[in-house]
Amino acid sequence: MNGSRIAAVGHYQPAKVLTNEELAGMVDTSDEWIRSRVGIRTRHIAGPDEPVDELAAHAAAKALAAAGLAPGDVDLVLVATSTAIDRSPNMAARVAARLGIPSPAAMDVNVVCAGFTHALATADHAVRAGAAARALVIGADKMSDVTDWGDRTTCVLVGDGAGAAVVEASEEAGIGPVLWGSVPEMGHAVRIEGQPARFAQEGQSVYRWATTQLPAIARRACERAGLAPEDLAGVVLHQANLRIIEPLAEKLGAVNAVVARDVAESGNTSAASIPLAFSKLVEQGRISSGDPVLLFGFGGNLSYAGQVVRCP
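About the criteria used
Within every chain, residues take consecutive numbers counted from 1 along the sequence as written. Local features in this predicted model are restricted to residues of pLDDT 70 or higher, and side-chain atom pairs are both shown and tallied only at a pLDDT of 80 or more, whereas totals for entire chains, interfaces and linings draw on every residue. With hydrogens and water stripped out, all remaining heavy atoms of the structure feed into the side-chain values. Put plainly, a pocket is an open set of points on a 1 Å grid over the protein atoms alone with protein on both sides within 12 Å along at least five of seven lines, a cavity is a set where a 1.4 Å probe fits but cannot get out, and a lining residue has an atom within 4 Å of a point. Grid points are joined across faces, edges and corners, and a volume is the space filled by probe spheres set on the points. Only runs of H or I of at least four residues qualify as helices and only runs of E of at least two qualify as strands under DSSP, and these elements are numbered from the N terminus. Classification used: nonpolar for Ala, Val, Leu, Ile, Met, Phe, Trp, Tyr, Cys and Pro, charged for Asp, Glu, Lys and Arg, polar for all others including Gly. For two strands to pair, DSSP has to find at least two bridges joining them. The handedness of a crossover follows from its direction of travel: if, with the strands pointing away from the viewer, the path from the first strand over the helix to the second runs clockwise, the crossover is right-handed. Side-chain rings of Phe, Tyr and Trp (the six-membered ring for Trp) are treated as a pair once their centres are within 6.5 Å; stacked means planes under 30 degrees apart, edge-to-face means over 60, and tilted covers the remaining angles. Residue burial is assigned from relative accessible area. The probe radius is 1.4 Å, only protein chains are included, and a residue is buried under 20% of its type maximum, exposed over 50%, and partly exposed in between. Should the NZ of a Lys or the CZ of an Arg lie within 6 Å of a ring centre and within 35 degrees of the ring normal, that charge is described as sitting over the ring. Simply put, an axis is a line fit to the C-alpha atoms, just over the touching stretch for a helix, and the angle between two N-to-C directions goes from 0 to 180 degrees. Should any heavy atoms of two residues lie within 4.5 Å, those residues are counted as being in contact.

Participant: Could you clarify how one ought to interpret the layout of surface pockets in this entry?
Facilitator: Regions of empty space are outlined by a rolling probe, equal in size to a water molecule, passed over the atoms. Quantified by volume, the largest pocket comes out at close to 640 Å³. Taken together, 24 residues form the lining of the largest pocket, with Ser82, Thr83, Ala84, Asn110 and Ile192 sitting closest to its centre. Among the secondary structure elements, those contributing two or more residues to the lining of the largest pocket are β5 (105-109) and β9 (190-193). The biggest single contributor to the lining of the largest pocket is β9, with 4 residues. A per-class count over the lining of the largest pocket returns 8 nonpolar, 10 polar and 6 charged. When its volume is computed, the second largest pocket comes out at roughly 500 Å³. Counting residues per element, the lining of the second largest pocket draws most heavily on helix α7 (residues 203-212), which supplies 4 residues.

Listed below in C-alpha cells is the structure:
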C-alpha cells in the first residue's frame, strides 16, 4: 500500500438551533445585519450536558458505520479541537473510551480552524508510514463555551458540531500532499484566551489576509496533487463566513466545483467546519465517489492547511 484514502465520513450537530431572530433578542443585532455581513442564518448550540467529546463521538460513530467498521478496527484517534476544557484525559482518549476503541494512539491537534486538515495530513502520514493501519480523524468544537454572548461581533458567528473521517491504507493516494504553514506574527488576529477563555478576532485583518493571500496558497495545494483548480469537483473551505468563502473560491478558479456554504446553516464551528460541510455534501449526493475535492482550513494562529482528497 503506497497511499491512504478516506473510507467514509460522518457528522453530528446538536438539536438546538439558534436563529438570527433569537440572537436579536439577546444582543444589539438583526437578521439583516448578520446575513449581510457574514451570511449566517442559523447555528446549532450544544447544551451544558453535551461536552465536546460527545459531539465528536457521535460523528465518529457515524463515520465508522458508513465504513462498515467496528471500533476495534481503529488504532489511531486524532481529534482536532480548541475548546477542550480539561488538559487530561485529552479529547481523543475520551472519544476512544466512549466508542470502546481498545488500545489506540490518541492525540489532540489544536490548530483551531485549520485543525481538521492538519489532523488529516497527520493521519495520512501515519498510515503511509505504517505507524497506523486505520485512523479516525475528527474535528469537533463547542464554540458556545468560549463565546461572549454580549459581543455581537463574535456571538453571531459561532456554532457547535463535529465531523469525522475514517482514513485507511490504499493502493493509490486518495489523500493528496498537504500544503501547510502559518503567519506567526499575525497569530493575535484570532484568539481563544483568558480566564475564562473567550473567542476574539480582528475581523478586518483576517478578511484581508484570507481574501488576498490564501487563493495562491490554495492553488499550490492543488498543484501538489497534480490538478488544476478547474479539475476540482468540490471545494470545502473553512466555514468562517460567506464574505470570505465566496471571494476565496472565486479567486481560486474552481469554476466546475460545488462550493460548500454550510456556514449559512451551521455558523463557524472552527475545527468541525470542514468535515461537517464535507460530510453533508457526500450525504446529499452533491459530490460523487472518487471526485477530487479540495479541503482547505485557515484561521486561528493564522495557520492554514489544505489537501485534495478523493470523495469516499
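So that's the structure; there's more coming.
Participant: I tried to follow the pairing of β5 on my own but got confused; where do I start?
Facilitator: Two faces make up the sheet, and in a regular strand the side chains alternate between them. With 5 bridges joining them, strand β4 (residues 76-80) and β5 adopt parallel strand pairing. Along β5, the bridge assignment pairs leucine 78 with methionine 107. Taken together, β4, helix α4 (residues 91-99) and β5 constitute a β-α-β crossover, and its handedness is right-handed.

Participant: Quick question: what am I supposed to make of unusual backbone geometry here?
Facilitator: When glycine is set aside, most residues are seen to have a negative phi, and most peptide bonds are trans. Residue proline 89 is reached from serine 88 by a cis peptide bond, and omega for that bond is 0 degrees. You can see proline 89 is positioned in the loop between β4 and α4. At the junction of glutamine 195 and proline 196, the peptide bond is cis and its omega measures out at 0 degrees in the coordinates. Mapped onto the fold, proline 196 is located in the loop between β9 and β10 (198-201).

Participant: What's the story with the packing of aromatic side chains in this structure? I'm lost.
Facilitator: To describe a pair of aromatic rings, one takes the distance between the centres and the angle between the planes. Using the criterion set out here, one finds 1 aromatic pair in the structure. Look at phenylalanine 296 and phenylalanine 298: their rings are 6.3 Å apart centre to centre, the planes differ by 40 degrees, and that puts the pair in the tilted class. Relative accessible area serves as the criterion here: at 0%, phenylalanine 296 is assigned to the buried category. The ring of tyrosine 207 is capped by arginine 243, whose NZ or CZ atom sits 4.8 Å from the centre of that ring.

Participant: Where do I start with the sheet that holds strand β1 (residues 3-12) in this structure?
Facilitator: Sheet strands pair via backbone hydrogen bonds, and the direction of the pair is either parallel or antiparallel. Strand order in the open sheet formed by 5 strands is β1-β7-β6-β4-β5, and the pairing between neighbours is mixed. Of all strands in the sheet, those with a lone pairing partner are β1 and β5, marking the two edges. Each neighbouring strand pair of the sheet contributes to a mean axis angle of 20 degrees, computed without reference to strand direction. When β4 meets strand β6 (residues 134-142), the two strands line up parallel, connected through 5 bridges. Pairing of valine 77 across the sheet is with leucine 136, part of β6. Taken strand by strand, helix α5 (residues 115-128) contacts β1, β4, β5, β6 and β7 (160-170), and its axis lies near 165 degrees from that of β4.

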